[in-house]
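For reference, the chains in residue letters:
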Amino acid sequence: MKISLYSDKDQDALLDLIAKSISTTRTQSSWNGNQMTAVLAWKNNNLIGALPLEKRKFNIGNGRTIKILWISAAHVEPEYRSKGIGKKMDIFLRNHFKNKFDAVCAYRGDEKSRAYHWYHQLGFYPILKILAFRKRVNKTNCISKNRLILNTESDIKKYSKSLCSCFENAIGNYGGFRIRDEEYWSHTFKYHYYKEFYKFLILAIRNQENKLDAFALLGETDMKDGIKRYDILEFIAPSKKIEKVLHDNIESYAYEKNIDEVRIQTSAVEPMNEWVAINGYENRNRNTNILASLLNPSKYIEE
């Protein structure tokens, strides 16, 4: 068996392998657009395992950033599981990237699952729990005259600076998110992993100067359960007052478009959990953990 780093000539075999996994299928567009790489396992020149990796730069608060690798759609062929192949790929990952990245992360849901146990054995630990909420859409009369819908590339480019400014004003010195720049939202519309399933739009509240006071990135979909809904992928507002205005306009717009539900995920420690309770959301009991493992612990401790 051979462990190697991904190269472009491996792409067809890799995408075919990922398609067999229970994770979201990666397309050539999303793979290239997100500049992904991978650690691969081969047996007799046949690809039998992969740890796909997305390179991300994260803000951890107060202007500090770290570089991380995000495991996405990991897979080992069933007949080769429990043979240490995943561990060998993990060792290769750590040796190759330890001086280039600070940590490696992954999403895992069921804490009793085999996959969760596998990550734990490799030295991954839960650092944050993600909670999932939903709300049935009700008729509201809270339509703001300052509501703005951005759903085309030209719309996004026109307001890219204002989106960045609004995000920075609302977030302040908080951390725990991927770095934003003026290309971030345009890139999301083009290369998001769920692009095949989502119809994206940004609902924004603008001020008299035609700049954005608040916005939400929404994904219209009915994937997995057939319920027509908006998934709130970002909710950016600098105050409780504008939070209410933004949320009421999301619900109003959803009602106009015959959307059945609005859903959102939040971390277990963020103030927005109070917001979802006030606005009548119910817990979906579908918690997910963000797992992380440091690639170079001594460097982290020194810093």
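Quick notes on the rules
- Residues numbered from 1 in each chain as written.
- Predicted model: local features only at pLDDT ≥ 70, side-chain atom pairs only at ≥ 80, totals over all residues.
- Heavy atoms only, no water.
- Helix = DSSP H or I, 4+ residues; strand = E, 2+ residues; numbered from the N terminus.
- Rg over C-alpha atoms; globule rule 2.2 N^0.38 Å.
- Buried < 20%, exposed > 50% of the residue type's maximum accessible area, 1.4 Å probe, protein only.
- Contact = heavy atoms within 4.5 Å.
- Areas by Shrake-Rupley, 256 points an atom, 1.4 Å probe, with all protein chains shown as cover.
- Lys, Arg positive; Asp, Glu negative; His and termini not counted.
- Charge placed at Lys NZ, Arg CZ, Asp CG, Glu CD.
- Pairing = 2+ DSSP bridges.
- Phe/Tyr/Trp six-rings, centres within 6.5 Å; stacked < 30°, edge-to-face > 60°.
- Lys NZ or Arg CZ within 6 Å of the ring centre and 35° of its normal.

Just to check I follow, could you spell out the overall build of the protein for this structure?
A tally of helices and strands in the protein yields ten helices and 15 strands. For 303 residues, the compact-globule estimate of 2.2 N^0.38 gives 19 Å, and the C-alpha radius of gyration of the protein, at 21 Å, lies within 12% of that figure. Based on the C-alpha atoms only, the size of the protein along its principal axes is roughly 65 × 45 × 40 Å. A total of 303 residues make up the protein; the buried ones form 49% of that total. Partitioning the intrachain contacts of the protein with sequence separation of at least 6 by distance along the chain shows that 68% fall at a separation of at least 24. Total accessible area computed for the protein in this model is approximately 16500 Å², and 46% of it derives from carbon and sulfur atoms. The averaged location of the 36 negative side-chain charges in the protein is 3 Å from the averaged location of its 48 positive side-chain charges.

In this structure, what is going on with the pairing of strand β15 (residues 288-294)? I would like to understand it.
A regular strand places its side chains so that they alternate between the two faces of the sheet. Within β15, six of the seven residues are buried, which leaves the element mostly enclosed by the surrounding structure. Sheet analysis places strand β6 (residues 103-108) next to β15, joined by six bridges and oriented antiparallel. Across the sheet, the residue bridging to Val-104 is Ser-293, located in β15. Pairing analysis gives five bridges linking strand β7 (residues 125-136) to β15, with the strands arranged antiparallel. Its bridge partner being in β15, Leu-128 is matched across the sheet by Ile-290.

How do you make sense of the environment of Phe-92 when you look at a structure like this?
Structurally, Phe-92 is set in helix α3 (residues 85-97). Judged by its relative accessible area of 24%, Phe-92 falls in the partly exposed class. Separated by 87 residues in the primary sequence, Phe-92 and Leu-5 have C-alpha atoms spaced 8.5 Å apart.

Which parts of the structure should I look at to understand the packing of aromatic side chains?
Between two aromatic rings, the relevant description is the distance of the centres plus the angle of the planes. A full pass over the atoms with the stated rule returns 17 aromatic pairs. Consider the rings of Tyr-184 and Trp-185, whose centres lie 5.3 Å apart with planes at 80°: the pair is edge-to-face. The class for Tyr-184 is buried, based on a relative accessible area of 17%. Relative to Phe-200, the ring of Phe-189 has its centre 5.5 Å away and its plane inclined at 35°; by these criteria the two rings are tilted. One end of the pair, Phe-189, is in helix α7 (residues 184-191); the other, Phe-200, is in strand β10 (residues 199-206), and eleven residues separate them in sequence. Of the two residues, Phe-189 and Phe-200, both sit in the buried class. Put simply, the rings of Phe-167, Phe-177, Tyr-184, Trp-185 and Phe-215 pair up and form one aromatic cluster. Sitting over the ring of Trp-70, Arg-56 keeps its end group 4.6 Å from the ring centre. The ring centre of Phe-101 lies 5.7 Å from the NZ or CZ of Lys-67, which sits over that ring.

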